[in-house]
Amino acid sequence: GAGEVKGQVLVIGAGPGGYSAAFRCADLGLQTVLVERHDTLGGVCLNVGCIPSKALLHVAKVIEEAEHISHAGIKFAKPEIDLKGVADYKSGVVKRLTDGLSGMARMRNITVIQGTASFIDEHSVIVNHTKEDKKTVVKFDNCIIAAGSQSSKMPFIPHEDPRIWDSTNALEVKEVPKKMLIMGGGIIGLEMGTVYQKLGSQVDVVIRGPQVMTGTDKDIVKVYTKANEQRFNFMFKTQTQAIIPKEEGIYVEFKGDNAPEPKTYDVVLVAMGRSPNGLKIGLENTNVEVDDKGFISVDNQMRTKVPHIFAIGDIVGGPMLAHKAVHEGHVAAEVIAGHKAYFEPKQIPGIAYTFPEIATAGLSEIEAKEAGINYEVASFPWSASGRAIASDVSGAGLTKLIFDKDTDQLIGGAIVGDNAGELLGEISLALEMDCDAEDIALTIHAHPTLHESVGMAAEIFHGSITDMP
Ligand code: FAD
């Protein structure tokens, strides 16, 4: 028979959403059980997502900068790449963080069970232990589902071939394919492409639409694309027609207006989105509402249709981002502890850690237009930034702010350029604090910095309504 464990709160999944929720529950005095099917805590983000990809992008960035500095009279030899060293560096970064999480769970007396949870009814799950032939029933007063997502699989792609990769395979850095095709022009595909191109791969990117990063404003994307025309062979408005594993490689046929001739690749990386895990956790034994894709519907307190069952993170839809999951996790935990908490953010930042980075927060111009807002854009090109010029990054940078013309309030912002992800912080805070153009323009920004460009953009807008005729 199965053993039994009871908790005031059961959290399913130990990704950023789940561990944040579990930690907050424990900190609020709730007796908490955390079930995770994998060996380590941290979910996709720490193990096979945000963190390992950034460790590899760090390596790639150093190579990029070593090449770039030739513009300033310094020449390094071609890098010698020890792939195992790169993989070890990445694994070390991941291990340090996942070990840290285990320690924090222990400190909080959270009961961690390693296994796969499935609902039996609305007050219990059965956990199939991963490593032993053992089952545990966990009974709970409240549950937070944080079971996340996984790479989408497509019926027309022979995923079983080891040369067809998803992001998890790419993060293993076991080999550097000579010729690589990336399917999809989203963040994950572009980040992994950036890494492999720097390690020596020739990278083609096939994109169904007319631009990378669908949903991002054209002026921002244009700066990125222009800076990457040499790095990647972008195939816009193109789709794969057939993907056929052959002995010499993966043979790919294309279709679309500009479709090239068929080509053979050593590796094809599929980066065409992620699917939520909502259909794999026994929700049919509850009244929790889940759509046919696997997304669970929740209200602004992260509550499902069953009042004591909550859901957070990738599994509830919205941007599939770690920081969103974390904030939702905190809300769910606080609501369970009896607090009046709501998930009603004014902005959720999104960052592509590409070369250069693309960072956005609040509304895009496309969204402002759709919402019928009387808006105005103020942009500051980095070609006019002293710091950008001194650092040799002025050729690919733009800081863009979007203001509501009726109130002067900042409603969105985007930065493309070196370190854009770090620079975005000011825009996120300004949006959350309901800043208007004057607040930002009158803030003294240090000179010479890249973040000065945010102040400059605000001054362009603010100046245009006060100083100019
Ligand atoms: P997950 O992290 O998916 O965690 C869910 C956990 O639940 C997993 O550990 C899983 O094993 C476990 N689980 C699932 N089902 C069960 C079950 N039945 N029983 C027990 N356990 C279960 N986001 C960013 O914000 N910034 C980035 O830079 C970034 N980079 C990324 C790079 C890559 C390559 C990828 C793939 C993703 C990246 N993301 C990034 C997205 C980010 O990883 C996710 O948004 C985030 O991990 C979602 O957190 P979560 O808690 O909802 O779920």
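Residues numbered from 1 in each chain as written. Predicted model: local features only at pLDDT ≥ 70, side-chain atom pairs only at ≥ 80, totals over all residues.

J.: Before we go on, may I ask you to explain helix α3 (residues 50-68) in this structure?
T.: The end-to-end C-alpha distance of α3, which contains 19 residues, comes to 26 Å, matching closely the 27 Å that a straight helix rising 1.5 Å per residue would cover. The secondary structure elements touched by the buried residues of α3 are α2 (43-48), α4 (83-107), α5 (167-171), α6 (187-199) and α8 (322-336). (Helix = DSSP H or I, 4+ residues; strand = E, 2+ residues; numbered from the N terminus. Expected span 1.5 Å × (residues − 1). Contact = placed C-beta atoms within 7 Å.)

J.: What's the story with unusual backbone geometry in this structure? I'm lost.
T.: With the exception of glycine, most residues fall at negative phi, and the peptide bonds are largely trans. In this model, F355 is joined to P356 through a cis peptide bond whose omega is -5 degrees. Here P356 is to be found in the loop between β17 (350-352) and β18 (357-362). For the bond from H447 to P448, the omega torsion is -10 degrees, close enough to zero to count as cis. Residue M213 is not a glycine yet carries a positive backbone phi of 50 degrees. Mapped onto the elements of the fold, M213 is located in the loop between β9 (202-206) and α7 (218-228).

J.: What am I meant to see in the environment of R108 here?
T.: Looking at the secondary structure, you find R108 in the loop between α4 and β3 (111-121). For R108, a count of 15 C-beta atoms within 10 Å translates into the label partly exposed. Sequence separation of R108 and A26 is 82 residues, and the distance between their C-alpha atoms is 6.2 Å. Each residue touching R108, except ones within four places of it in the same chain, is listed here: F23, A26 and D27. (Buried ≥ 20, exposed ≤ 12 C-beta atoms within 10 Å, placed from the backbone.)

J.: It is not clear to me how the site of the ligand should be interpreted in this structure. Could you clarify?
T.: Around the ligand, the surrounding shell holds 35 residues, and the nearest of these are G13, G15, G43, G148 and G313. Of all the secondary-structure elements, those providing two or more residues to the shell around the ligand are α1 (16-27), β2 (32-36), α2, α3, β3 and α8. (Near = placed C-beta within 6 Å.)

J.: Help me out: how do you make sense of the sheet that holds strand β10 (residues 232-235) in this one?
T.: Hydrogen bonding along the main chain pairs the strands of a sheet, whether they run parallel or antiparallel. Taken together, five strands build an open sheet; the order of strands is β7-β14-β8-β9-β10 and the sheet is parallel. Each of the sheet's edge strands pairs with one partner strand only, and the pair in question is β7 (164-165) and β10. Where strand β8 (residues 179-183) meets strand β14 (residues 267-270), four bridges bridge the pair, whose relative direction is parallel. For M180, the partnering residue across the bridge sits in β14 and is V267. Sitting on the sheet, α6 is in contact with β8, β9, β10 and β14, with an inclination near 165 degrees to β9. (Pairing = 2+ DSSP bridges. Axes fitted to C-alpha atoms, helices over the stretch in contact; angles between N-to-C directions.)

J.: Looking at this model, I keep getting lost on the sheet that holds strand β13 (residues 263-265). Mind explaining?
T.: Reading across from one edge, β11-β12-β13 is the order of the three strands in this open sheet, with antiparallel pairing throughout. Where the open sheet ends on each side, the last strands, each with one partner, are β11 (238-246) and β13. Sheet twist, expressed as the average angle between the axes of neighbouring strands with direction ignored, equals 30 degrees. Across three bridges, the pairing between strand β12 (residues 249-256) and β13 is antiparallel. Note on β13: the bridge partner recorded for I250 is Y265.

J.: Please explain the UniProt feature "binding site: NAD(+)" (unreviewed entry) in the protein as it appears in this structure.
T.: UniProt tags G184, G185, G186, I187, I188, G189, L190, E191 and G273 as "binding site: NAD(+)" (unreviewed entry). Judged by maximum C-alpha separation, these annotated positions cover 90 residues in sequence but sit close together in space, the widest gap being only 13.6 Å. Here I187 lies in helix α6. For I187, a count of 21 C-beta atoms within 10 Å translates into the label buried. Following the sequence through the fold, E191 ends up in helix α6. In this view, E191 contacts S53, L57, A352, Y353 and T354; residues no more than four positions away in its chain are not counted. (UniProt positions renumbered as here; feature names shortened; annotations may be inferred.)

J.: Help me understand the packing of α3 against α4 in this model?
T.: What describes two packed helices is the angle between their axes and the distance between those same axes. Packing of α3 against α4 leaves a shortest axis separation of 9 Å and a crossing angle of 140 degrees. When the axis of α3 is compared with that of α4, the two are oblique. Where α3 crosses over α4, the two elements pack in a sense that is right-handed. Along the contact surface, α3 presents I51, P52, A55, L56 and V59, while α4 presents V86, Y89, K90, V93, V94 and L97. Tallied by class, residues from the contact of α3 with α4 come to ten nonpolar, no polar and one charged. (Parallel < 35°, antiparallel > 145°, perpendicular 65-115°, else oblique. Left-handed = near helix turned anticlockwise from the far one by under 90°. Nonpolar A, V, L, I, M, F, W, Y, C, P; charged D, E, K, R; others polar.)

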